[in-house]
Amino acid sequence: MFQPKQKYWKTLPGPKLLNLIIGVSALAIAYEGMSQGVMGAVNVAPEYGRRMGFADEHGKVIKPSLQGGIVATYYAGSLFGAFWAGHFSDKHGRIKGIWVAIFLCMLGVILQSSAVNLPHMLVARLFAGCGVAFIIVIAPAWTAELSPAAHRGKNIALTFLANFSGISLSAWIGFGTSFTELAGGAFRWRFCFASQAIPLVLLFIGSLLIPESPRWLIKVGRCEEAREIITKIRGNDDPDHPDAQREYREIVTVIEMEKESENLNYVQMFFGIGSGDIHIGRRIQLAFWLQVLMQYGTGIAAVVIYSGTIFRTAGFDDLKSNWLSALMMMVGILGTGIAAFTLDRVGRRRTLYWGAVALSIILFMIGGLNRGAIDHPDRKEQFGTAAAAMVFVYVLIFSSSWLMIPFIYPTEIFPTWLRAKGNAFGVAGWAVGFGGGSLLVPIMFAGIGEKTFYVFGAAMLVYIPIIYCFFPETAGRTLEAIDFLFASKSPFTWDEEAEFKKRIAELDSRVQGNGKDTDSSEEKSSVVHANEV
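In every chain, residue numbers begin from 1 and rise along the written sequence. Residue-level local features of this predicted model are given only where pLDDT is at least 70; pairs of side-chain atoms are given and counted only at 80 or more, and the full residue set underlies all totals for whole chains, interfaces and linings. For side-chain calculations, the full set of non-hydrogen atoms in the structure is used, while hydrogens and water are omitted.

Per an unreviewed UniProt entry, the recorded name for the protein is General substrate transporter, and the organism is Apiosordaria backusii. UniProt positions are given in the numbering used here, feature names are shortened, and annotations may be inferred rather than shown by experiment. Here is the UniProt Sequence similarities (unreviewed entry) comment for the protein, exactly as written: "Belongs to the major facilitator superfamily. Sugar transporter (TC 2.A.1.1) family."

J.: Explain the packing of aromatic side chains to me, and be specific about the residues and the numbers.
T.: Pairing of aromatic rings covers Phe, Tyr and the six-membered ring of Trp, with a centre-to-centre limit of 6.5 Å; geometry is then stacked below 30 degrees between planes, edge-to-face above 60, and tilted otherwise. Inspection of the entire model under this criterion finds 28 aromatic pairs. For the ring pair F175 and F179, a centre distance of 5.4 Å and an interplane angle of 85° mean the geometry is edge-to-face. Here the aromatic cluster, defined as three or more aromatic residues joined through ring pairs, consists of F83, Y266, F270, F271 and F425. In this scheme, the term charge over a ring applies when either NZ of a lysine or CZ of an arginine sits within 6 Å of the ring centre and within 35 degrees of the ring normal. It is K421 that lies over the ring of Y266; its NZ or CZ is 5.7 Å from the centre. The positively charged end of R477 is found above the aromatic ring belonging to F500, 4.3 Å away from the centroid.

J.: Outline the packing of helix α4 (residues 94-113) against helix α5 (residues 118-146), supporting the account with residue identities and numerical values.
T.: Orientation is described by axes fitted as lines to C-alpha atoms, over the contacting stretch for helices, and by angles from 0 to 180 degrees between their N-to-C directions. Helix numbering and strand numbering both begin at the N terminus, where a helix is a DSSP run of H or I of at least 4 residues and a strand a DSSP run of E of at least 2. Put simply, α4 and α5 touch, their axes get as near as 8 Å, and they point 155° apart. Classed by the angle they form, the pair α4 and α5 counts as roughly antiparallel. The handedness of the crossing between α4 and α5 comes out as left-handed. Three classes are used: nonpolar for Ala, Val, Leu, Ile, Met, Phe, Trp, Tyr, Cys and Pro, charged for Asp, Glu, Lys and Arg, and polar for all others, with Gly counted as polar. The class makeup of the residues in the contact of α4 with α5 is 19 nonpolar, five polar and three charged. Roughly parallel covers angles under 35 degrees, roughly antiparallel covers those over 145, roughly perpendicular covers 65 to 115, and oblique covers all other angles. Helix crossings are classified by the rotation of the near helix relative to the far one: an anticlockwise turn of less than a right angle makes the crossing left-handed, while a clockwise turn makes it right-handed.

J.: Describe in detail unusual backbone geometry, supporting the description with residues and values.
T.: Phi at N236 takes a positive value of approximately 50°, unusual for a residue other than glycine. Mapped onto the elements of the fold, N236 is located in the loop between α10 (223-235) and α11 (242-258). Its identity as a non-glycine residue notwithstanding, D237 has a phi of 75°, on the positive side. Assessed through its relative accessible area of 45%, D237 is described here as partly exposed. Three labels apply to residues, based on accessible area from a 1.4 Å probe with only protein chains included: buried if under 20% of the type maximum, exposed if over 50%, partly exposed otherwise in between.

J.: Tell me about the environment of D495, and please be specific about residues and values.
T.: Structurally, D495 is set in helix α23 (residues 493-514). Taking the relative accessible area as the measure of exposure, D495 reaches 31% and is therefore partly exposed. Along the chain, D495 and S114 lie 381 residues apart, while their C-alpha atoms are 55 Å from each other. Note on definitions: a residue-residue contact is assigned when non-hydrogen atoms from the two residues lie within 4.5 Å. Beyond its immediate sequence surroundings of up to four residues, D495 is in contact with S488 and S490.

J.: So what's going on with the pattern of salt bridges? Which residues, and what values?
T.: Side chains that carry opposite charge are capable of pairing whenever their charged atoms lie near each other. The working definition used for a salt bridge is a side-chain nitrogen of Lys or Arg within 4 Å of a carboxyl oxygen of Asp or Glu. A full pass over the atoms with the stated rule returns 23 salt bridges. In this structure, the salt-bridge partner of D90 is R94, at a minimum N-O distance of 3.1 Å. Classification of D90 as buried rests on a relative accessible area of 6%. It is possible to trace a salt-bridge network through shared partners that takes in D90, R94, E145, K219 and R419.

The following block contains the structure:
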């Protein structure tokens, strides 16, 4: 009799399976990086500028607002895609959500690489942005749900190594194709878009090899499948492993509490209506504004947008400025690697503290050096070279501190029932912050010049008390335990920590009680009701 072939992930030992999951998630984030970074290479292609109508026959930009609008369309698509992805993924699962992401992203790649005019490109950018929102909503949450608490930040950070890798790859592809004039110069930018198909094909293959999130499976009642996955990853196929048993019981215990919020819509979530003691509205504000602060408030958009000007102030020609920009993105890979091995040890809050102080100092230095180049034209190249060096230091510090946490935090602070929906608000913050920054930063430079860096430098210091008062620590805590961080009626972290200690003691006693029941049906009947917890 025909026997169905065993799923590939079941043949792997637990540690190798977890590495495979991280690798597949990294493929998704690699595409996101390429998709985000490709416009830096495409916008400087003269044929593209002429075709889209924002550049003259010599490739000089004559309609910067149109150029920026094409870029911003991507983030408009992301706003829509984020909320669609959250609803779809929480209802149908993480794997199917990734398949929708692949379809939308591939459609975006095909449309962008074949664009013949402006309307064609705008539609393509909308699809690309919508697809990448699916990826950012699902991939980090997927990794978080399959990672042990002690290494959750590390595993998500490792996947985001692929982000800067994708951005760097797009930059180098753009640099390489800048030397060709094939197809009247059209090949240069069309190939940049088309190359994004490679990680998407690999991502689809990878999605067929790995399991669904066990937390989502328990949520929809497929408990035995979830137990098998948890046993594989936490116990390396040992069903009696204490870590595997405890995690399964903890998820089952808390999942019933979260069911009260299962049917909340986005409006109810945003205002916290009907969420009771789990305070979904508070969590949404944290996820959204942390992304806005990172994407716009840290000045990263200002540094990246103005870096070309800084390099040219140092006396570097266009060729050297272009490969320095690509090299700058590679520094981000190093910084993200540092974050992977420090975030769980140092914690989320302390990383944001030291990052804010260091970035503030660097931003003031970049602003001062640029002012020096203006005030002392005879020493412009010396000041410019120093400012260029500080840009590299900024990218290293930014990528090892503030870059990762706004992507990690939303995957941790929302209940299983609403994790993808909640993360959608984080992605909305990403779209608003980055899209808004892309539009506002050039206006700031046009109005106040290098003082733009001073504004962001001062803002970084303001963020420190905000983080201290409103963002509780999540490092080293299980996703189920983190729910109790937000049980306090007060939004201040010291009150939340006090309430957390009381609630976690009750959870431990319930988990131990559930451990006495070995039959899965008995486990379900012993789940504590949300009001009792």
